[in-house]
Amino acid sequence: MIPTAPPRPPRPPRERMPEDRRHMIRRRWLTAVIIVLLVGIPAGYLVISAGQSRDSGRDKERESSVVGLQDNWPSLMKRRVFEVPIPAGAWEVAYYETSNWRTSRLYVRFSTTAAGLDTFLAESGAARSQLTPGRITIGERDRSIAAWTFQDGPTWSGTTVTREEPRPTTDITVDLTEPAFPRVYVVSTTSP
């Protein structure tokens, strides 16, 4: 048999000192601050999030109600989806997007440098050597939607980049009247 220690006698309960007024006020303030933080921070986050969501919806509504080219860069997401890699430093950038249940199109116009054109063509899957002089690849229907007129006189060149579906097909027409500063017109078409 193993010897065991005798049981300890129970300790008498400690008497609590009464709480003084200053300690009580501090404890109540701390409790109030914790409650405000636990409720206020999530509530503030919800208010800010709701405001941003509402603003985002208004921006999208404003964008979708626009008819014709907008003088602005398309979002990075649109550029990726439609595979339209506008070169850095491009200017006079404008775009317009149409979409229905069969086809979505992104119309983009911009001016760039000769090096910017080469970069754009390479990132689009084409090269300057593929531009056919005198060829306007953007059809009449797309020209009327974007309100583009390709008049005689400028030095036009064009190519079409065809990709495996569901990737977009891109019609590119370039005004090379000023070879150092070409103006590029793009219609990228995808079928979701």
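Since the model is a prediction, treat every value here as computed from it, not as a measurement.

With that out of the way, let us pick up the side chain of D175. You can see D175 is positioned in strand β5 (residues 169–175). Reaching out from D175, the side chain makes a polar contact with the side chain of T177 at a distance of 2.5 Å. Those residues within four positions of D175 in sequence are excluded, and the remaining contacts are P154, T155, W156, P182 and R183.

Let us look at the nonpolar core. Core analysis: the biggest nonpolar cluster contains 20 residues, and V84, V108, F110, F120 and V184 have the highest contact counts within it. Not counting residues within four places of it along the chain, the set of residues in contact with V184 comprises V108, R109, F110, T112, L117, F120, I172, T173 and V174. Formed by 9 residues, the second largest nonpolar core is a distinct cluster that contains I138, W148, F150 and Y185.

Let's shift gears to the side chain of T190. Considering the arrangement of structural elements, one finds T190 in strand β6 (residues 183–190). With relative accessibility at 11%, the residue T190 sits in the buried group. Once residues lying within four places of it in the same chain are set aside, the contact partners of T190 are F82, R102, T103, S104, P166 and P168.

A few words now on the pattern of salt bridges. Considering all chains together, one arrives at 9 salt bridges under this definition. For E140, the salt bridge goes to R143, with nearest N and O atoms at 3.1 Å. Highlighted residues: E140 and R143, both in helix α4 (residues 140–146), separated by 3 residues, approximately one helical turn. Residue E140 is classed as exposed on the basis of its relative accessible area of 58%. R143 sits in the buried class, given a relative accessible area of 16%. Through salt bridges with shared partners, a single network forms among E83, R163 and R167.

Our focus in this paragraph is the sheet that holds strand β1 (residues 91–99). Spatially, β1-β2-β6-β5-β4-β3 is the arrangement adopted by the 6 strands of the open sheet, whose pairing is antiparallel. Single-partner strands in this sheet number two, and they are β1 and β3 (132–133). Where strand β4 (residues 156–161) and β5 come together, 6 bridges link them in antiparallel fashion. The partner of V161 across the bridge, within β5, is T170.

The subject of this paragraph is the packing of aromatic side chains. Taken as a whole and judged by the stated rule, the model has 9 aromatic pairs. Ring geometry for Y107 against W148: centres 6.1 Å apart, planes inclined by 70°, an arrangement best described as edge-to-face. Of this pair, Y107 sits in strand β2 (residues 104–111) while W148 sits in the loop between α4 and β4, placing them 41 residues apart in sequence. Of the two residues examined, Y107 and W148, each falls in the buried class.

What counts as what
- Residues numbered from 1 in each chain as written.
- Predicted model: local features only at pLDDT ≥ 70, side-chain atom pairs only at ≥ 80, totals over all residues.
- Heavy atoms only, no water.
- Helix = DSSP H or I, 4+ residues; strand = E, 2+ residues; numbered from the N terminus.
- Polar contact = N/O pair within 3.5 Å; in protein donor to acceptor, adjacent residues only side chain to side chain.
- Contact = heavy atoms within 4.5 Å.
- Core = buried A, V, L, I, M, F, W, Y, C linked by side-chain atoms within 4.5 Å.
- Buried < 20%, exposed > 50% of the residue type's maximum accessible area, 1.4 Å probe, protein only.
- Salt bridge = Lys/Arg side-chain N within 4 Å of Asp/Glu carboxyl O.
- Pairing = 2+ DSSP bridges.
- Phe/Tyr/Trp six-rings, centres within 6.5 Å; stacked < 30°, edge-to-face > 60°.

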